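As a plain string of letters, each chain reads:
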Amino acid sequence: FVRAADGQALSGFDVRVPVKQAIEAGGTIPLLLALEVPAEAGEYLVEFDMVHELVAWFSQAGQSRGSASVRVLPHPRPRPGLITPLRLWRPFNNGA
């Protein structure tokens, strides 16, 4: 889940990462996930919850969700003069 600074849950950020091994109670494993960045710059909270598919979310069974604060920076605008013009023509070469 992704939440805005005011606590409101944002839609479209449900990411699932399959866990292909058993994890002992209290154990840890590294997980790599890719998140789409919200369109608006600001402070966000990313919440992590495990799910036993078709059974229950771990948070519904009394486990706390993991979370991380994330700051999305504004998209930088190109500075004038840094754009290289495209060369749309090629000089005629007569074999010389």
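Each chain has its residues counted from 1, running along the sequence as written. At least 70 in pLDDT is required for a residue's local features to be given in this predicted model, at least 80 for side-chain atom pairs to be given and counted, and no such filter applies to totals for whole chains, interfaces and linings, which use all residues. Water and hydrogen atoms play no part in the side-chain values, which are based on all heavy atoms of the structure.

**Some points on the overall build of the protein**
Reasoning step 1: In terms of regular secondary structure, the protein is built from zero helices and six strands.
Reasoning step 2: Going from the N terminus to the C terminus, the protein shows its helices and strands as β-β-β-β-β-β.
Reasoning step 3: Exposed residues in this analysis have more than 50% of their type's maximum accessible area, buried residues have under 20%, and partly exposed residues fall in between, with area computed by a 1.4 Å probe over protein chains only. Residues counted as buried form 9% of the 96 residues belonging to the protein.
Reasoning step 4: Of the contacts formed within the protein by residues at least 6 apart in sequence, a portion of 49% connects residues at least 24 apart.
Reasoning step 5: Each accessible area is a Shrake-Rupley result for a 1.4 Å probe, and residues are judged covered by the shown protein chains and nothing else. Carbon together with sulfur atoms contributes 57% to the accessible area of the protein, which is approximately 8900 Å² in total. Secondary structure counts use DSSP, requiring at least four H or I residues in a row for a helix and at least two E residues in a row for a strand, with both numbered from the N terminus. Note on definitions: a residue-residue contact is assigned when non-hydrogen atoms from the two residues lie within 4.5 Å.

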